[in-house]
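Here is what each chain is made of, one letter per residue.
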Amino acid sequence: MTGTDNRPIGMFDSGFGGLTVARAVIDVLPSEDFVYIGDTGRYPYGPRPAAEVRGFARELAWSLVSDHNVKAIVVACNTASAAAFTELSGELPVPVVSVVEPGAHALSLTSQSKRVGVIGTVGTISSGAYQRALADIDSSLSLTACACPGFVEFVERGQTSGDEVMLLAERLLAPVVAANIDALLLGCTHYPFLSRVISEVMGPEVVLVSSADETAFALAAMLDELKLRTSASAEGQHTFLSSGDVEWFADFGRRLLGPELSSASPWIRSKTD
Ligand code: DGL
C-alpha cells in the first residue's frame, strides 16, 4: 500500500452539464487525471423513465471502470444520481460520489430563513431524491421543489440567454418565486450555465447554490480518506468522450469549461454484464 493511486477519476453526465462539475474538479484537484463521458447521443435524461436512465448510468459507469480503469466515479448528473446512485454504489468496485448530497448540504448551510427551493429535471424532482436528502439534513427546512423541463435543451443548443429562455424561466420559476425563498439549489448540472437568467427572475436576495464545487470538495475528502489521491504534482490529464457529435462536444464544451477541453473522442460502448 502506497497510500496514493494514480489512476484517473471517471465522471459522466447526459451531455455538457457535468462540465460544471469537471471544472470544479480541475480547480480543486488540479493534479488528478479524469475521463469524462458526455452522453450527448442520448440526452436529455430528464424526461426519461428512471429505469432507462439507470441503465444508461450503469453502462457509462461500467465502461469507465472496465475500459478506463478509473479509481472513483463522480455521477456528474442529478437525474442519473437520483435514478442510479444506490445501485452504482452497491455494484461498482470503486467508490461513487453523487451530486445530490453535496448540493443538499450546501443549500441547507446557505439559507438563513429556512425557506429553500430546488429546481431540476422532471426525473430528479419526481424521484424525491432532494426532498429526502434535505429532510435528512434538516427537517425544519421548508422546501419548494420545481421541475424545469426545457432548460437542458436550451443549454445543449448553446442558447443560454435571450427572450425565449427568459420567458420560459419566468413561467417555470413562478412557484419558487412565490414561495419567498432565500436560497435556490440548481439541482441539474446544466443549470449553472443559465444562472444569469435564473438570477434575474429570482431577484438579488435569492442565493443560487450549485452543487459543482461541493461535489469536488466531497470527492477530494473521499480520495483523502481512502488514500486514493494521485502522487503526481504536474497538471492532470483530462480526457473527454462523447456518444454524440465529438466536434460539437469539443467546440461548445470548450466554451463552457475552458481550454482544458482541447479535444473530444467518441465514446465506444463496451459490453457490460
Ligand atoms: N445534467 C443533468 C442533470 O443534472 C441531466 C439533464 C438531462 O439530460 O435532462 O440532471
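Residues numbered from 1 in each chain as written. Predicted model: local features only at pLDDT ≥ 70, side-chain atom pairs only at ≥ 80, totals over all residues. Heavy atoms only, no water.

## Some thoughts on the side chain of D182
Phase 1 of the analysis: Within the fold, D182 resides in the loop between α9 (174-178) and β7 (183-186).
Phase 2 of the analysis: Of the polar contacts made by the side chain of D182, one reaches the side chain of S111; its length is 2.7 Å.
Phase 3 of the analysis: Within the local environment of D182, its side chain forms a polar contact with the backbone nitrogen of Q112, the two atoms lying 2.8 Å apart.
Phase 4 of the analysis: In contact with D182, other than residues within four places in its own chain, are S111, Q112, S113, R115, E205, V206 and V207. (Helix = DSSP H or I, 4+ residues; strand = E, 2+ residues; numbered from the N terminus. Polar contact = N/O pair within 3.5 Å; in protein donor to acceptor, adjacent residues only side chain to side chain. Contact = heavy atoms within 4.5 Å.)

## Some points on the sheet that holds strand β3 (residues 72-75)
Phase 1 of the analysis: Strands sit in the order β4-β3-β1-β2-β9-β10 across an open sheet of six strands; the sheet is parallel. Looking at the sheet topology across the chains shown, the edges are occupied by β4 (96-98) and β10 (265-266).
Phase 2 of the analysis: Along the sheet, helix α2 (residues 50-68) makes contact with β1 (9-13), β2 (34-38), β3 and β9 (238-242), crossing β1 at roughly 155°. (Pairing = 2+ DSSP bridges. Axes fitted to C-alpha atoms, helices over the stretch in contact; angles between N-to-C directions.)

## Here we look at the nonpolar core
Phase 1 of the analysis: If you look at the biggest cluster of nonpolar residues, it comprises 32 residues, and the most contacted ones within it are M11, L19, F34, L219 and F240.
Phase 2 of the analysis: Put simply, the parts of the chain that give this core at least two residues each are β1, α1 (19-28), β2, β3, α11 (211-225) and α12 (246-257).
Phase 3 of the analysis: Each residue touching F240, except ones within four places of it in the same chain, is listed here: L19, F34, Y36, F249, L257, E260, L261, S263, A264 and S265.
Phase 4 of the analysis: Residues F151, V155, Y191 and M202 belong to the second largest nonpolar core, which totals 27 residues. (Core = buried A, V, L, I, M, F, W, Y, C linked by side-chain atoms within 4.5 Å. Buried < 20%, exposed > 50% of the residue type's maximum accessible area, 1.4 Å probe, protein only.)

## Side note on the sheet that holds strand β8 (residues 207-210)
Within a beta sheet, neighbouring strands are joined by backbone hydrogen bonds and run either parallel or antiparallel to one another.
Phase 1 of the analysis: Read from one edge of the open sheet, four strands run β6-β5-β7-β8, paired in parallel fashion. Pairing within the sheet leaves two strands with one partner each, and these edge strands are β6 (142-147) and β8. Adjacent strand axes in the sheet meet at a mean angle of 25°, parallel and antiparallel pairs treated alike.
Phase 2 of the analysis: Pairing between strand β5 (residues 115-120) and β7: four bridges, direction parallel. Each bridged residue has a counterpart across the sheet, and for V118 the counterpart in β7 is L185.
Phase 3 of the analysis: Sitting on the sheet, α11 touches β7 and β8, and the angle it makes with β8 is about 40°.

## Structural notes on the layout of surface pockets
Phase 1 of the analysis: Approximately 250 Å³ is the volume found for the largest pocket.
Phase 2 of the analysis: As for the largest pocket, its lining consists of 16 residues, of which F85, V100, E101, A129 and R132 are closest to the centre.
Phase 3 of the analysis: Elements supplying a minimum of two residues to the lining of the largest pocket: α3 (78-91), α4 (100-110) and α6 (129-137).
Phase 4 of the analysis: Per element, the largest residue contribution to the lining of the largest pocket is seven residues, and it comes from α3.
Phase 5 of the analysis: Looking at side-chain class alone, the lining of the largest pocket contains eight nonpolar, four polar and four charged residues. (1 Å grid on protein atoms, 1.4 Å probe; cavity = no way out; pocket = protein on both sides within 12 Å on 5 of 7 lines; lining within 4 Å. Points joined across faces, edges and corners; volume = space filled by probe spheres on them. Nonpolar A, V, L, I, M, F, W, Y, C, P; charged D, E, K, R; others polar.)

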